[in-house]
Amino acid sequence: MHKHHSALGLAAAPSTPVSGVEIAQSAPVEPVTLLRPHAASRAARFFVEKFPGRSMYAVKANPSPDLLRVLWDSGITHYDVASIAEVRLVARTLPDATLCFMHPVKAEEAIREAYDNHGVRVFSLDSLEELAKIMRATRDAADLTLCVRLRVSSEHSKLSLASKFGAAPGETKELLFAARQAADALGICFHVGSQAMTPEAYAQAMERVRAAIVEAAVTVDVVDVGGGFPSSYPGMEPPPLERYFETIHRAFESLPVSYSAELWAEPGRALCAEYSSLIVRVEKRRGDELFINDGAYGALFDAAHIGWRFPVRLLREPDSRARDMAFSFYGPTCDDMDHMAGPFLLPADTQAGDYIEIGMLGAYGCAMRTAFNGFGSNEAVVVDDEPMTSLYVPVEREAATNVVTL
């Protein structure tokens, strides 16, 4: 894989060799993914060091084997897998990793293979039917950690996960009691939705956990607060992650759980959003619309289908002096749905032939890319510069300024 020092350097032509590695000698014709392993490593270390429990990476956010290895090397040893394909991927890439099958509805064959062939012992469920399926597939194994997923509110999150999975209040007592009888260790898990914008989301969910434990009168060994930890995007600047951790820790400490109970989390977006960005070229301008060479069927699925606003910047040297204006994007396919409304703020003189960096695409962008209509590129370059926005760089800089030299 090629290396470069920055996004701007890559977009400028001609390019030059860096660290003895020859890279493309002209500006890119197709989209290029910029990888920042140092950013993913920094995020992983932050969670490992600061979250008051176990952090396991939600693989669905970005299943890149290279990223998985970066996270492993940075201290992430547990992985939330949602399909047998993800089980196989992580088992193959990180043979010593602990895999937790946290999808509440699984094929019986997938459970059996995960248990028999890949050492998976942690499974989530939200119904008595799923519990029976797990027990059949594992032949009533006595070494299971079973995590009952509760349905909780997603009102504080940008993307809801409140309707598809989770046991409702009237269903939890019987389910927790049955899972307790079958499990070596009993867990309760939930998901507050993606991009939770306030720690209050977790405080409210933990009250739901408390009520469920009290009602069922069972001993709980694991509380898994799921994902939802945010990253920073235009118009979605969350509080510091430490505030989320403090809120979760206080709530966990007050729960009526086993004295040795463990606290888990499943960060996905927060660990990988800063890992990659995308360089695209403007192929045409029509008023305030820019036609670019990636889009809804590539890495910009979320920008098109749920109106997600990603940070953008014009890669031009010298910098444009024009004021910013709001643009929308059209992707390269012959499809009106290949449209990203934005608004994306760029200099008013942006034109065909310019390059734009679109940031924070490490989460879900690469994972949802297709080759529809023959478009798409897998070209990737490692860069050394910082992400366009970060929840971790200020923390790192503050730590450096607080070092006392004797």
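Refer to the structure presented above.
Residues numbered from 1 in each chain as written. Predicted model: local features only at pLDDT ≥ 70, side-chain atom pairs only at ≥ 80, totals over all residues. Heavy atoms only, no water.

**As for the sheet that holds strand 7 (residues 145–149)**
Our working definition: Strands were regarded as paired on the criterion that DSSP finds at least two bridges between them. We count a stretch as a helix when DSSP gives it H or I for four or more residues in a row; a strand needs E for two or more, and each element gets its number in order from the N terminus. To obtain an axis, a line is fitted to C-alpha atoms, over the contacting stretch when the element is a helix, and the angle between two such axes runs from 0 to 180 degrees between their N-to-C directions.
Pairing is parallel around the closed barrel formed by 8 strands, whose spatial order is 3-4-5-6-7-9-11-12. Within the sheet, the average angular offset between the axes of one strand and its neighbour, ignoring direction, is 25 degrees. Inspection of the sheet shows strand 6 (residues 122–125) paired to strand 7 by 4 bridges, in the parallel sense. Pairing of V122 across the sheet is with T145, part of strand 7.

**A closer look at unusual backbone geometry**
Quick note on the threshold: Only protein chains enter the accessibility calculation, which uses a 1.4 Å probe; a residue whose area is less than 20% of its type maximum is buried, one above 50% is exposed, and one in between is partly exposed.
Looking along the chain, the bond that leaves E317 and enters P318 is cis, with omega of 0 degrees. Residues G342 and P343 are joined by a peptide bond in cis, for which omega reads 10 degrees. Of note in this structure, R139 is not a glycine but carries a positive phi near 55 degrees. The residue R139 is located in the loop between helix 6 (128–137) and strand 7 in this model. The class for R139 is exposed, based on a relative accessible area of 52%.

**A closer look at helix 2 (residues 37–50)**
Keep this limit in mind: An expected span of 1.5 Å times one less than the residue number is assigned to each helix.
For helix 2, built from 14 residues, the straight-helix expectation of 20 Å at 1.5 Å per residue is met to within 8% by its first-to-last C-alpha distance of 20 Å. Taken together, the buried positions of helix 2 are A39, A40, S41, R42, A43, A44, F46 and F47.

**A closer look at the packing of helix 5 (residues 108–118) against helix 6**
Each packed pair of helices is defined by two parameters, the angle between the axes and the distance between the axes. Note the following rule: Each angle gets one of four labels, with under 35 degrees taken as roughly parallel, over 145 as roughly antiparallel, 65 to 115 as roughly perpendicular, and the rest as oblique. Here a crossing is called left-handed whenever its near helix is offset anticlockwise from the far helix by less than a right angle, and right-handed whenever the offset is clockwise. Whether two residues are in contact is decided by their heavy atoms, any of which lying within 4.5 Å being enough.
Helix 6 packs onto helix 5 with a crossing angle of 45 degrees between their chain directions and a minimal axis gap of 8 Å. By the angle between their axes, helix 5 is oblique relative to helix 6. With respect to the hand of their crossing, helix 5 and helix 6 are arranged in right-handed fashion. Side by side, helix 5 and helix 6 meet where E108, I111 and R112 of the first sit next to E130, K133, I134, R136 and A137 of the second.

Function-wise, these values are silent; they only describe arrangement.
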